[in-house]
Amino acid sequence: MRVLAIDSSTSVAAIAIAENDHLIYEIYVNRDKTHSQKLMSMVESALTHAELTLQDIDVFGVAHGPGSFTGLRIGVAAIKAFCHATGKPAVAVNTLDALGFNIPYFSGIVCPIMDARREQVYTATYIWKNGCLMRQSEYMVLHIQEYMKFLEQKQGPILFVGDGVPLYGVQFQKYLGDRVLLAPFTCRMQQASSIAFLTLQDVQKGKVTDYNFLAPFYLRRPQAEREYEKRMEK
Amino acid sequence: MDMHMVSTYSEYETEKIGKQFAQYLWAGSIILLSGDLGVGKTAFARGLARGLGIEEPITSPTYTLIHEYTGRLPLYHFDVYRLNDVEEMGDIGYEEYFYGDGVTVIEWPQRICEILPEAYLTVEILKAEQDNVRNILFQSKGFKYAALLKELNLI
């Protein structure tokens, strides 16, 4: 089973090709958000270097959100096109799940934080149990102040990962103290190998999607909540 | 609200004002652009784009809601006239633009007043009595834009 995985949910464009328990190819570019110009040539060079063609791919994995709306649309549209052309199925992987997977077997809480603008982050909390990554919360979009209060209730070490780390990591550290750890750049950002791994895991569980039903997962505050907040500001 | 007014005598001059204006903008600036049909909003936007070093043709995003350009700063040009509901701005992820790394220009801003940022600069292009003469009125909201207006006084 061969998978080609794409993550374009942030300023990172990432592509990986994996075959069963073997990572064949992985690339990561974090330079200006020009995914629409770069992604296709990156896929082309991935296939060339892996000595494969699109027909050799059995399933396509994509980070479908949350994340940058534009980025998500580019990634999802690209995967839809590949599935349409090859007749192969797709797997939609949650971006936060994949970020959590960047930090295997951590003994505390793993918190992916992704910039959602205006001091808000896309997030969820995870723990590792018996070698499995278990999500402990809803997928949320929270103001960092709210999130600090939420995490204050939790015990044990907390590791932050994602593009929110350079923006808000220090603030979390100041508020929550030295039990806060920040992922170094080697594993901080989106890695397509995580998407590839989780895609294969979903394939084993039979969780593949017809590309026609593949859609970006935009995470937004409920309208009522936003209106309430606006009223409170006035 | 502070204000500043400039008169122009041709479309070319309106464009030139836009171009000069662009040099004072920063990543995250919000410009609300209004004026009647055919008054020169696109000419002003084109000038602004040229001032940001964008050489592509600039067209009105009436049917597409947003056009994105790459220059010294990215330019996000919105025309929200055809929006049915302000909620649709959420669907296109407007926060990535308004609170992003570029210059945002919004035409028909009154249609989305619920979600406008706290501070911005309004540019209103008004027809004068004589043909081809335009009065361009700049007004600021928030201290950053008040400071920008002071610099505009030098134009």
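The model shown is predicted, which means the values in this text are computed figures rather than measured ones. (Residues numbered from 1 in each chain as written. Chains lettered and ligands numbered in written order. Predicted model: local features only at pLDDT ≥ 70, side-chain atom pairs only at ≥ 80, totals over all residues.)

Draft legend 1. Quick peek at unusual backbone geometry. For the bond from Gly65(A) to Pro66(A), the omega torsion is 0°, close enough to zero to count as cis. Assignment of secondary structure puts Pro66(A) in the loop between β4 (59–65) and α2 (69–86). Although it is not a glycine, Asn130(A) sits at a positive phi angle of roughly 50°. By the element assignment, Asn130(A) lies in the loop between β8 (126–129) and β9 (132–135). Looking at Asn130(A), the number of C-beta atoms within 10 Å reads 5, which means it is exposed. Residue Leu65(B) is not a glycine yet carries a positive backbone phi of 70°. Within the secondary structure, Leu65(B) is located in the loop between α2 (41–51) and β3 (66–69). (Helix = DSSP H or I, 4+ residues; strand = E, 2+ residues; numbered from the N terminus. Buried ≥ 20, exposed ≤ 12 C-beta atoms within 10 Å, placed from the backbone.)

Draft legend 2. Spotlight on the packing of helix α4 (residues 144–152) of chain A against helix α5 (residues 165–176) of chain A. Residues and elements named next belong to chain A. At a minimum axis separation of 10 Å, α4 and α5 run at an interaxial angle of 40°. The orientation of α4 relative to α5 falls into the category oblique. Here α4 runs over α5; the crossing is right-handed. Contact residues: Ile144, Met148, Leu151 and Glu152 in α4; Tyr168, Gln171, Phe172, Tyr175 and Leu176 in α5. When the residues that make up the contact of α4 with α5 are grouped by side-chain class, the tally is seven nonpolar, one polar and one charged. (Axes fitted to C-alpha atoms, helices over the stretch in contact; angles between N-to-C directions. Parallel < 35°, antiparallel > 145°, perpendicular 65-115°, else oblique. Left-handed = near helix turned anticlockwise from the far one by under 90°. Contact = placed C-beta atoms within 7 Å. Nonpolar A, V, L, I, M, F, W, Y, C, P; charged D, E, K, R; others polar.)

Draft legend 3. Molecular detail of the nonpolar core. Counting 68 residues, the largest nonpolar core has Ala16(A), Val62(A), Val121(A), Phe160(A), Ile195(A) and Ala196(A) as the members making the most contacts within it. Both domains that meet at this core, namely domain 1 (2–95 + 191–213) and domain 2 (103–182) of chain A, each give it at least three residues. Discounting residues that sit within four places of it in the chain, Phe160(A) has contacts with Cys111(A), Ile113(A), Val165(A), Gly169(A), Phe172(A), Val180(A), Leu182(A) and Ala183(A). With 35 residues, the next largest nonpolar core counts Phe44(B), Leu75(B), Met89(B) and Ile106(B) among its residues. (Core = buried A, V, L, I, M, F, W, Y, C linked by C-beta atoms within 7 Å. Domains from an automatic or database assignment.)

Draft legend 4. Main features of the sheet that holds strand β2 (residues 12–19) of chain A. All names here are of chain A. Read from one edge to the other, the open sheet built from five strands follows the order β3-β2-β1-β4-β5, with strand pairing classed as mixed. In the strand order of this sheet, the two ends are held by β3 (22–30) and β5 (90–94), each with one partner. Strand-to-strand, the axes of this sheet are offset by a mean angle of 15°, without reference to chain direction. Note: strand β1 (residues 2–7) against β2, six bridges, orientation antiparallel. For arginine 2, the partnering residue across the bridge sits in β2 and is glutamate 19. Lying on the sheet, helix α1 (residues 35–49) is in contact with β2 and β3; it crosses β2 at an angle near 25°. (Pairing = 2+ DSSP bridges.)

Any functional reading would require information beyond the geometric quantities listed.
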